[in-house]
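Take a look at the letters that make up each chain.
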Amino acid sequence: MASKMLMGDMPELMENILNNLNNEFYTLYSCVLVSRHWCKMSIPILWKDPFSFKQNPLFISKYFSSLGEDEKLSLKECGINVEISKTLFIYARFLKVFHISDLEAKVTKWINLQLLDVDSKSDSDYVQLVQHIIDLLFKLFVENGASLHKLDLLYFYHEINPEIFYSLEQNVQFFSRLQNLSLNISPYFGIETTTTFLRILGKNTTKISDLELHRCFQFYEPQLFNVLIKVIKSQEQLRKFRLSHSIEDKSSMEFHGIILALESQKDSLQEVVVEKCDYSAEFEIMKTCKQLEIFRIWNSDYSKLLKILNNKINTLEIVDSQINASTIVQSLEKFGISLQRLKIESGNEGIRDEFLLFEALKSFCPNITYLSISKIKFSTQFLDLIGKNLQNLQFLTLCYVDWPDNEQVMQFAKILPITLQYLNLRNFLLSSKIDILLNNCNAPLKKLLIHHLGRTNTKALIEFCIRNKTLNYVGVYRERYIKLDDNIRKEVEEYVKLAPYEHIIVNC
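Residues numbered from 1 in each chain as written. Predicted model: local features only at pLDDT ≥ 70, side-chain atom pairs only at ≥ 80, totals over all residues. Heavy atoms only, no water.

In the nomenclature of an unreviewed UniProt entry, the protein chain is known as F-box domain-containing protein of Gigaspora rosea.

Okay, here's the thing in structure tokens:
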């Protein structure tokens, strides 16, 4: 089988393997060099999201092999004398993921490398040059057959060239397979520009399954919102919808029919994220969404939003500066045995009446497999919840928990359920007690995330690995991971793989 894969006789299997390496730039680059067959399969994957890689931006020059003579001349007139050579591939057609902010950042770095005297240009000339290069690339992507899967227009502060609109209308494949769209309606675009862009988008795409709208309600123009509503209604199966606003600006907390448009997606919508939004009667439409199972409320009016949800919610996330447990108890009772994943993250003010939360989870939600909670006191009620009631718990995250003494840490370690595979202790104060926890823990952990590793907890970690034999990864905060003593790293990695915290974190 290995020889067949090497010769390119099993392209579908090989493509699946290579797609799993889509974030591994150097590994993919090595695959390009193996053989002609591997090169043909690796290049499209390597170039589908090139602007997200942390690499030298000089690769941008390869795109310009497709430029016409007039466009090449325009580069020279701007002071850029880049060598443009013929390439084996038309790299622009492979683009699948288009983050406009990543593109702008890479273009800026590329220009700084190409210009002999960057400081000689005025600020306005420099901005115009950046915009010109972005326009050239955008046009190349559209006209060379690229077909996007993901488009992110969150942070872009330049006008879109009218020529690009013409190209988009002539090359309908650019948006035809779009699945993920993140949009920030920026005043820099202007109403007419934004409306034109959305009209073209809505005409050419029906496959969007994940839609994010950020700060789109700061100004109201009927034509703009009418087009945006048509985009939502024209999608065949919208599964995830995220709405982000600014709760400080109460004067513009109107949604102008955008949320009501989700009625057209009531048979497909599965996840909703509401960020920095006040309550509106439009949200009542969520009651008709038959497949809605995941609801995330970030710094919004959670007490009112919870009341509109059906009893099928299996994943609930609430993030706020202060959370009043008494306002969510009734909803937990409603969700009951359906609720499997719960995240309650409070700011400095903590969770008020947290004992009501624990009692509600004990009484109504026995099927929770994922629990992430912050700013709670280490109490008998909490110990009982973890040790006696949540017998299906597999993932547990505790953030900024008040750990009182060694005895209770020991007690906590002993009552962790035998189903627990993932333990995330994002608490600096607990780091000095990790050895106590590990010395008394019998849970079959596969992943453990801690603040840092030192001599004291290293010994306990190794003994836990020897005794437990299930631990595969230990995550450490990136700064601590980078500065980790080489001797400790070598000693620990004989028993378990170390990784930066963010590489193995499991979110709700």
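1. Comments concerning the pattern of salt bridges
Here the structure, examined in full by the defined rule, presents 17 salt bridges. One salt bridge connects E271 with R296, and the closest N-O pair in it is separated by 2.8 Å. With E271 in strand β6 (residues 271-275) and R296 in strand β7 (residues 294-298), the pair connects residues that are 25 residues apart, well separated along the chain. Between E284 and K287 there is a salt bridge, with the nearest N and O atoms lying 2.7 Å from each other. Take K287: its relative accessible area is 52%, and that puts it in the exposed class. Through salt bridges with shared partners, a single network forms among K240, E271, R296, E317, K343 and E345. (Salt bridge = Lys/Arg side-chain N within 4 Å of Asp/Glu carboxyl O. Helix = DSSP H or I, 4+ residues; strand = E, 2+ residues; numbered from the N terminus. Buried < 20%, exposed > 50% of the residue type's maximum accessible area, 1.4 Å probe, protein only.)

2. What to know about the packing of helix α15 (residues 354-364) against helix α16 (residues 380-389)
Contact pair α15 / α16: the axes reach a minimum separation of 9 Å and the direction vectors enclose 15°. Classified by the angle between their axes, α15 and α16 sit roughly parallel to one another. As for the relative orientation of α15 and α16, their crossing is left-handed in sense. Judged by residue contacts, F355, F358, E359, L361 and K362 of α15 engage Q381, F382, D384, L385 and N389 from α16. Tallied by class, residues from the contact of α15 with α16 come to five nonpolar, two polar and three charged. (Axes fitted to C-alpha atoms, helices over the stretch in contact; angles between N-to-C directions. Parallel < 35°, antiparallel > 145°, perpendicular 65-115°, else oblique. Left-handed = near helix turned anticlockwise from the far one by under 90°. Contact = heavy atoms within 4.5 Å. Nonpolar A, V, L, I, M, F, W, Y, C, P; charged D, E, K, R; others polar.)

3. Remarks on helix α9 (residues 162-170)
Of all the positions in α9, only I164, F165, S167 and L168 are classed as buried. All buried residues of α9 fall inside an arc of 165° around its axis, so they share one side. Turned more than 90 degrees away from the buried face of α9, the exposed residues are P162, Y166 and Q170. Of the surrounding elements, those touching the buried residues of α9 are α8 (123-143), α10 (173-176) and α11 (191-204). Where α9 begins, one side-chain oxygen reaches toward the backbone nitrogen of E163, 2.9 Å away; that side chain belongs to N161. (Arc of directions from axis to C-beta. Polar contact = N/O pair within 3.5 Å; in protein donor to acceptor, adjacent residues only side chain to side chain.)

4. Structural notes on the packing of aromatic side chains
All told, the structure shown has 24 aromatic pairs when counted by the stated rule. Where F395 meets Y422, the ring centres are 5.7 Å apart and the plane angle is 50°; that geometry is what we call tilted. In this pair, F395 sits in strand β13 (residues 395-399) while Y422 sits in strand β14 (residues 422-426), placing the two residues 27 residues apart along the sequence. Considered together, F395 and Y422 belong to a single accessibility category, that of buried residues. Here R341 stacks its cationic end above the ring of F395, 5.8 Å away from the centre of that ring. The lysine or arginine in question, R489, covers the ring of Y481, its NZ or CZ lying 4.7 Å from the ring centre. (Phe/Tyr/Trp six-rings, centres within 6.5 Å; stacked < 30°, edge-to-face > 60°. Lys NZ or Arg CZ within 6 Å of the ring centre and 35° of its normal.)

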